[in-house]
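# Survey of secondary and tertiary structure
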Amino acid sequence: MPNYQVGPDLDHAILNRFKSLLYTPSPSSRERDLADVICGQIDALGYACRRDAGGNILVEVAGQKPDLPLWCYAAHMDEIGMVITKVPEDGRLRATRSGGLFPWKLGETPVEVMGDQGHVLGLLSMGSTHTPQAAEKAVTWEDVWIETGLGLKELGQAGVRPGSLAVPHASHRGPVIFGRPGQELAAAWTFDDRLGCALQLEILSQLQATRERPRHPTVFAFTHHEEGGGHGAKNVARALQPEAFIAIDGAPMPPDTPLVMDDRPATWAKDALAHYDHALLQEIIAAGREVGVEVQSVVYASAASDASMAFNAGHTDRALVFGCVRGNSHGYEMLRVGALDNTCKTLYRFVTTR
């Protein structure tokens with residue numbers, strides 16, 4: 001028997017929540033369909049949610065100590081993708097990145113083009129390798145196109161135009177479970193940041209099941225447009241003025257970091273925009289130890305989060321990021337399955353005791 005599963009029915013609460021969000025396209029500025037799915041799950045858990053004008057979802061939960069300052073937890077709904085730049089007569093759409101996506105991360109793969117009136121299936125294409133320069137070629141957006149097999153009339157009927165967005169098709173998204181028994185890895189087309197959304201939904205579910213409350217008056221936010229500059233998070237923080245803004249997101253592994261992709265979650269100490277709040281960082285590490293989980297920490301030279309962007313804009317006093325360590329960032333990402341429960345246990349302890 002093979003030691004892997006493709007698109008399995010998962011016996012894992014957090015992965016199941018993640019999978020329930022995985023197949024709904026949500027590039028920056030087109031998060032509404034995923035927001036509908038998330039709101040449906042929030043309603044099913046018995047919470048009220050509201051949306052602001054930009055599309056952020058906000059869930060307000062009363063705290064154990066109502067006199068404490070408001071804290072906000074946030075996970076972003078948008079994913080990296082492609083934006084159409086030209087619609088030629090031959091139907092070979094030209095595109096560039098939306099967020100931090102590069103074509104070599106995808107290869108030649110089916111994509112879904114989101115027109116104003118309908119979605120179109122296409123193939124991200126790079127041409128023949130039967131050329132003398134093929135082995136040395138560096139692939140950029142100028143070298144690729146989306147083959148649709150359609151003409152201008154048909155693309156126009158679907159509302160495909162410059163500015164339309166495209167994302168990897170559902171058939172490419174996974175998840176895939178593989179590796180040694182007891183040390184399984186999960187992989188999927190970006191956990192960034194549907195996994196953060198799934199973790200927040202799981203925390204809400206556990207709070208409802210235990211009838212516990214966060215220590216602080218709390219808002220759980222599901223934000224839009226993180227990949228393009230953290231606009232949703234900045235607007236949430238500007239409107240609510242939380243004392244602390246805590247992003248539930250992943251920890252990528254560029255070569256210069258000390259992170260290990262094991263069962264331990266991670267917190268960010270600094271990124272390209274800000275130092276994170278030292279006291280909050282100590283508290284998340286302490287919360288992990290209280291439930292038997294060690295938390296890694298990391299410094300990034302070229303990364304940012306909803307939390308650091310809200311902090312950098314002056315809309316919150318304190319910032320923190322917490323989540324799973326992920327390999328293959330901004331691509332077909334992977335993580336250790338055991339890290340999911342440890343991340344959730346630590347986060348729940350932090351929410352209810354800090």
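Refer to the preceding data block for the structure.
The text that follows walks through the structure, step by step, so that each part is easy to find. (Residues numbered from 1 in each chain as written. Predicted model: local features only at pLDDT ≥ 70, side-chain atom pairs only at ≥ 80, totals over all residues. Heavy atoms only, no water.)

Moving on to the overall build of the chain. In terms of regular secondary structure, the chain is built from eight helices and 20 strands. Computed over its C-alpha atoms, the radius of gyration of the chain comes to 21 Å, within 12% of the 20 Å expected for a compact globule of 354 residues. Dimensions of the chain along its principal axes, counting C-alpha atoms only, are 65 × 45 × 40 Å. The buried share of the chain, taken over its 354 residues, is 54%. Nonlocal contacts in the chain, meaning residues at least 24 apart in sequence, comprise 76% of its contacts between residues at least 6 apart. Entry remark: accessible area of the chain is about 14,900 Å², with carbon and sulfur atoms responsible for 51%. Taking the 32 positively charged and 42 negatively charged side chains of the chain as two groups, their mean positions are separated by 2 Å. (Helix = DSSP H or I, 4+ residues; strand = E, 2+ residues; numbered from the N terminus. Rg over C-alpha atoms; globule rule 2.2 N^0.38 Å. Buried < 20%, exposed > 50% of the residue type's maximum accessible area, 1.4 Å probe, protein only. Contact = heavy atoms within 4.5 Å. Areas by Shrake-Rupley, 256 points an atom, 1.4 Å probe, with all protein chains shown as cover. Lys, Arg positive; Asp, Glu negative; His and termini not counted. Charge placed at Lys NZ, Arg CZ, Asp CG, Glu CD.)

This part is about the pattern of salt bridges. According to the stated counting rule, one finds 18 salt bridges in the structure shown. Between glutamate 79 and arginine 194 there is a salt bridge whose closest N-O contact spans 2.9 Å. Of this pair, glutamate 79 sits in the loop between strand S4 (71-76) and strand S5 (81-86) while arginine 194 sits in helix H4 (residues 194-210), and the two are 115 residues apart along the sequence. Given a relative accessible area of 1%, arginine 194 falls into the buried group. For the salt bridge of arginine 326 with glutamate 333, the shortest nitrogen-to-oxygen distance reads 3.4 Å. The same class applies to arginine 326 and to glutamate 333, which are both buried. The structure contains a network of salt bridges with shared partners spanning Asp192, Asp249, Arg326 and Glu333. (Salt bridge = Lys/Arg side-chain N within 4 Å of Asp/Glu carboxyl O.)

For the rest of this paragraph, the subject is the sheet that holds strand S9 (residues 145-147). Taking strand neighbours around the barrel as the criterion, the six strands line up as S5-S6-S9-S8-S7-S10 in a closed arrangement whose pairing is antiparallel. Pairs of neighbouring strands in the sheet enclose a mean axial angle of 45°, with direction left out of account. For strand S8 (residues 119-125) and S9, the ladder comprises three bridges, and the chain directions are antiparallel. Across the sheet, leucine 124 pairs through a bridge with isoleucine 146, a residue of S9. (Pairing = 2+ DSSP bridges. Axes fitted to C-alpha atoms, helices over the stretch in contact; angles between N-to-C directions.)

So, on to the layout of surface pockets. Approximately 600 Å³ is the volume found for the largest pocket. Lining the largest pocket are 30 residues, and of these Pro252, Ser302, Ala303, Ala304 and His330 lie nearest its centre. (1 Å grid on protein atoms, 1.4 Å probe; cavity = no way out; pocket = protein on both sides within 12 Å on 5 of 7 lines; lining within 4 Å. Points joined across faces, edges and corners; volume = space filled by probe spheres on them.)

This part is about empty space enclosed by the protein. Using the criterion set out here, one finds one cavity of 30 Å³ or more in the structure. In terms of lining, the largest cavity is formed by Asp193, Leu195, Gly196, Leu199, Ile248, Asp249, Gly250, Gly323, Cys324 and Arg326. Per-element accounting of the lining of the largest cavity gives the leading share, three residues, to H4. Grouping the amino acids of the lining of the largest cavity by side-chain chemistry returns four nonpolar, three polar and three charged. (Nonpolar A, V, L, I, M, F, W, Y, C, P; charged D, E, K, R; others polar.)

Our next topic: helix H6 (residues 278-290). For H6, with 13 residues, the first-to-last C-alpha span of 18 Å sits near the 18 Å given by 1.5 Å per residue. Those residues of H6 lying buried are Leu280, Leu281, Ile284, Ile285, Ala287 and Gly288. Projected down its long axis, H6 carries its buried residues within an arc of 155°, all on one side. The exposed set on the far side of H6, more than 90 degrees from its buried face, consists of His278 and Arg289. Where H6 is buried, its residues contact S4, strand S14 (244-248), strand S16 (266-270), strand S18 (318-323) and helix H8 (337-353). (Expected span 1.5 Å × (residues − 1). Arc of directions from axis to C-beta.)

Below, the discussion takes up the sheet that holds S14. Across the sheet, which stays open at both edges, the eight strands sit in the order S2-S3-S13-S4-S14-S18-S16-S17 with mixed pairing between neighbours. Each edge of the sheet is formed by a strand with only one pairing partner; in this case those strands are strand S2 (50-51) and strand S17 (296-299). Bridge count between S16 and S17: four bridges; the pairing is parallel. Among the inter-strand pairings, lysine 270 is bridged to a residue of S17, identified as valine 299.

In terms of residue burial, S14 counts as a mostly covered element, since five of its five residues are buried. Residue alternation in S14 divides its side chains into two sets, Ala244, Ile246 and Ile248 and Phe245 and Ala247, and both sets are buried. Sheet analysis places S14 next to S18, joined by five bridges and oriented parallel. Bridge assignment links phenylalanine 245 to a residue of S18, and that residue is alanine 319.

Phi is mostly negative for residues that are not glycine, and the peptide bonds are mostly trans. For the bond from glycine 174 to proline 175, the omega torsion is 0°, close enough to zero to count as cis. Cis geometry is adopted by the peptide bond preceding aspartate 193, which originates at aspartate 192 and carries an omega value of -5°. Within the fold, aspartate 193 resides in the loop between strand S12 (185-189) and H4. Even without being glycine, arginine 211 reaches a positive phi, approximately 60°.

Quick look at the packing of aromatic side chains now. Geometry of an aromatic ring pair is reported as the spacing of the ring centres plus the angle between the planes. With the rule as written, the count across this model stands at six aromatic pairs. Where phenylalanine 18 meets phenylalanine 191, the ring centres are 4.7 Å apart and the plane angle is 35°; that geometry is what we call tilted. Taken together, the positions of phenylalanine 18 in helix H1 (residues 13-22) and phenylalanine 191 in the loop between S12 and H4 put the pair 173 residues apart, joining distant regions of the chain. For the pair shown, phenylalanine 18 and phenylalanine 191 are each scored as buried. With a centroid separation of 4.7 Å and 70° between ring planes, the pair formed by tryptophan 268 and tyrosine 300 is classed as edge-to-face. (Phe/Tyr/Trp six-rings, centres within 6.5 Å; stacked < 30°, edge-to-face > 60°.)

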